[in-house]
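Chain residues, written in single-letter form:
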Amino acid sequence: QVRLVESGGGLVQAGGSLRLSCVASGNVFKVDTMGWYRQAPELQRELITSITSDDNVYYADSVKGRFTLSRDNAKNTVYLQMNSLTPEDTAVYYCHANLLRSGSYYYSDYWGRGTQVTVSS
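Residues numbered from 1 in each chain as written. Predicted model: local features only at pLDDT ≥ 70, side-chain atom pairs only at ≥ 80, totals over all residues. Heavy atoms only, no water.

Before we move on, could you go through the state of the cysteines and cite the residues and values that matter?
One pass over the full model with this rule turns up one disulfide. Disulfide partner of Cys22: Cys95, at an S-S distance of 2.0 Å. Classification of the bridge connecting Cys22 and Cys95 rests on its S-S torsion, roughly -85 degrees, and on that basis the disulfide is left-handed. One end of the pair, Cys22, is in strand β3 (residues 18–26); the other, Cys95, is in strand β9 (residues 91–101), and 73 residues separate them in sequence. Classification of Cys95 by relative accessible area gives buried; the value is 0%. (Disulfide = S-S within 2.5 Å. Helix = DSSP H or I, 4+ residues; strand = E, 2+ residues; numbered from the N terminus. Buried < 20%, exposed > 50% of the residue type's maximum accessible area, 1.4 Å probe, protein only.)

Now, about the nonpolar core: what can you tell me, with residues and values included?
With 30 residues, the main nonpolar core has Trp36, Met82 and Tyr93 as its most contacted residues. Put simply, the parts of the chain that give this core at least two residues each are β1 (2–7), β3, β4 (28–39), β5 (46–51), β7 (67–72), β8 (77–82), β9 and β11 (115–120). Among the elements that line this core, the one with the most residues is β9, at five residues. (Core = buried A, V, L, I, M, F, W, Y, C linked by side-chain atoms within 4.5 Å.)

Talk me through unusual backbone geometry; I want residue IDs and the actual numbers.
A positive phi is found at Asp55, a non-glycine position, where the angle reads about 70 degrees. Within the element layout of this structure, Asp55 appears in the loop between β5 and β6 (57–59). A residue is classified by how much of its surface remains accessible, and Asp55, at 47% relative accessible area, is partly exposed.

Could you give me a rundown of the environment of Ser84, with the residues and numbers involved?
Considering the arrangement of structural elements, one finds Ser84 in the loop between β8 and β9. The spacing of Ser84 and Arg113 is 29 residues in sequence and 25 Å in space, taken between C-alpha atoms. Residues in contact with Ser84, not counting those within four places in the same chain, are Gly15, Gly16, Ser17, Arg66 and Asp89. (Contact = heavy atoms within 4.5 Å.)

Lay out the side chain of His96 in plain terms, naming residues and giving numbers.
Turning to its location among the elements, His96 is positioned in strand β9. Here the side chain of His96 touches Asp109 through a polar contact of 3.0 Å, side chain to side chain. Discounting residues that sit within four places of it in the chain, His96 has contacts with Leu4, Thr33, Met34, Gly35, Tyr37, Asp109, Tyr110 and Trp111. (Polar contact = N/O pair within 3.5 Å; in protein donor to acceptor, adjacent residues only side chain to side chain.)

I'd like to hear about the pattern of salt bridges, residue by residue, with values.
What the rule picks out here adds up to four salt bridges. The salt bridge partner of Glu46 is Arg38, with a shortest N-O separation of 2.9 Å. One salt bridge connects Arg38 with Asp89, and the closest N-O pair in it is separated by 2.9 Å. Linking Arg38 in strand β4 with Asp89 in the loop between β8 and β9, this pair joins segments that are 51 residues apart in sequence. Residue Arg38 is classed as buried on the basis of its relative accessible area, which comes to 6%. (Salt bridge = Lys/Arg side-chain N within 4 Å of Asp/Glu carboxyl O.)

These figures capture arrangement, not role.
In structure tokens form, the structure reads like this:
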């Protein structure tokens, strides 16, 4: 069994910072891409950042210059540093990973349960 466990969400004032973490644990053989999506109320889930196994990073325009994604391959962990937060960043943040489970022949997508980020004005 594979699990993605997120941590680090919470309530912060506008202009503040938060750091999210996501660990892929369980029967993980190899992790390809990891990243973060977010979903605000009544909106679709959107990709905001991702990082490949060779450290190519993508940022959505809405977070570029404010958010930084990093990865520790040895720990199957990604870290999302979020700075200069605004109320528009309020959403549930979901960790995503495309990985190869031990004993499997195919890479599959896995999701965390989500962590709430609320930015007050």
